[in-house]
Amino acid sequence: MIKKTVKYVDFNGNENNETFYFNLTKAELTMLELSYKGGLSSYIEEAVKSGDNAKLVEVFNKLILESYGVKSEDGKRFVKNSEIKEEFKNSAAFSEIFMSIATNAEEAEAFVKGISNN
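Conventions and cut-offs
For every chain, the first residue of its written sequence is number 1, and the numbers climb from 1 along that sequence. pLDDT decides what is reported in this predicted model: residues at 70 or higher carry local features, side-chain atom pairs at 80 or more are listed and counted, and totals for whole chains, interfaces and linings draw on all residues regardless. Side-chain numbers come from the whole structure's heavy atoms, not from hydrogens or water. The term nonpolar core refers to a set of buried residues drawn from Ala, Val, Leu, Ile, Met, Phe, Trp, Tyr and Cys, joined through side-chain atoms within 4.5 Å. The buried label goes to any residue with under 20% of its type's maximum accessible area, the exposed label to any with over 50%, and the partly exposed label to all in between, with areas taken from a 1.4 Å probe on protein chains only. For the purposes of this entry, the term helix denotes a DSSP run of H or I that reaches at least four residues, the term strand denotes a run of E that reaches at least two, and both are numbered from the N terminus. Two residues form a contact once any of their heavy atoms are found within 4.5 Å. Buried and open spaces are told apart on a 1 Å grid over the protein atoms alone, a cavity being a set of points where a 1.4 Å probe fits but cannot get out and a pocket being an open set with protein on both sides within 12 Å along at least five of seven lines. Residues with an atom within 4 Å of a point are the lining residues. Grid points are joined across faces, edges and corners, and a volume is the space filled by probe spheres set on the points. Under the scheme applied here, ten amino acids are nonpolar (Ala, Val, Leu, Ile, Met, Phe, Trp, Tyr, Cys and Pro), four are charged (Asp, Glu, Lys and Arg), and all others, including Gly, are polar. Two aromatic rings from Phe, Tyr or Trp, using only the six-membered ring of Trp, form a pair when their centres are within 6.5 Å; if the ring planes differ by under 30 degrees the pair is stacked, by over 60 it is edge-to-face, and anything between is tilted. For two strands to be treated as a pair, DSSP must find at least two bridges joining them. Note on geometry: axes are C-alpha line fits, over the in-contact stretch for helices, and angles between N-to-C directions span 0 to 180 degrees.

### Points about the nonpolar core
- Of all hydrophobic cores here, the largest spans 30 residues; its most connected members are Phe20, Phe22, Leu63, Ile64, Phe88, Ile97 and Phe111.
- Broken down by secondary-structure element, the contributors of at least two residues to this core are β1 (2–9), β2 (15–22), α2 (40–50), α3 (53–67), α4 (82–89), α5 (92–102) and α6 (105–115).
- Beyond its immediate chain neighbours, meaning those up to four positions away, Ile64 contacts Phe22, Phe88, Phe94, Ile97, Phe98, Ile101 and Phe111.

In structure tokens form, the structure reads like this:
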């Protein structure tokens, strides 16, 4: 699990500094890996080698949204339902996080490693 503290301006013009959590369980990683022909890792490597930015955008979007969740107060659950994902996807914070990953290879690599480090 990784946490990212993001400074962003919301749609009312207010500056916010908020922490977000991202994680993929071993089961979720396996399902993602198997959902791409040749595996997710190979898919990403091929997209990078070929310069296929459309594939990279699609993968980053999926990884961010699939790994985003809200920790329960007791730390026993990490809730990732469609309502939580949709709310996050429609936030200015999502845009900040997406752009930081999509425009910085080191940030992208750290994010992928962080969400899958179980």
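Let us keep going from here.
### Some points on the layout of surface pockets
- Roughly 520 Å³ of internal volume is contained in the largest pocket.
- As for the largest pocket, its lining consists of 25 residues, and the residues nearest its centre are Ile44, Val48, Phe60, Ala108 and Val112.
- Only α1 (26–34), α2, α3, α5 and α6 provide two or more residues apiece to the lining of the largest pocket.
- Volume-wise, the second largest pocket comes out at about 170 Å³.
- Taken together, Tyr8, Asp10, Phe11, Glu18, Phe20, Tyr68, Val70, Ile84, Glu87, Phe88, Ser91 and Ala92 form the lining of the second largest pocket.
- Mapped by element, the contributors of at least two residues to the lining of the second largest pocket are β2, β3 (68–71) and α4.
- Looking at which element gives the most residues to the lining of the second largest pocket, the answer is α4, with three residues.
- Counted by class, the lining of the second largest pocket contains eight nonpolar, one polar and three charged residues.

### Considerations on the packing of aromatic side chains
- Enumeration according to the criterion identifies ten aromatic pairs in this entry.
- An angle of 65 degrees between the planes, with centres 5.9 Å apart, marks the rings of Phe22 and Phe88 as edge-to-face. Here Phe88 lies in helix α4 and Phe22 lies in strand β2, a separation of 66 residues in the sequence. Phe88 carries the same exposure label as Phe22, and that label is buried.
- Aromatic pair Tyr68 and Phe88: ring centres 4.0 Å apart, planes at 15 degrees, arrangement stacked. Taken together, the positions of Tyr68 in strand β3 and Phe88 in helix α4 put the pair 20 residues apart, joining distant regions of the chain.
- What makes Phe88 buried here is its relative accessible area of 3%.
- Each member of the aromatic cluster is reached from another via a ring pair, and the members are Tyr8, Phe20, Phe22, Tyr68, Phe88, Phe94, Phe98 and Phe111.

### Some details on the sheet that holds β2
- Taken in spatial order, the four strands of this open sheet run β1-β2-β3-β4, and their pairing is antiparallel. Of all strands in the sheet, those bounded by a partner on one side alone are β1 and β4 (78–79).
- Inspection of the sheet shows β3 paired to β4 by two bridges, in the antiparallel sense. Paired with Val70 across the strands is Val79, a residue of β4.
- Across the sheet, α4 lies against β2, β3 and β4, angled at about 115 degrees from β3, the strand it touches most.
- On the sheet, α6 packs against β1 and β2 and is oriented at approximately 135 degrees with respect to β1.

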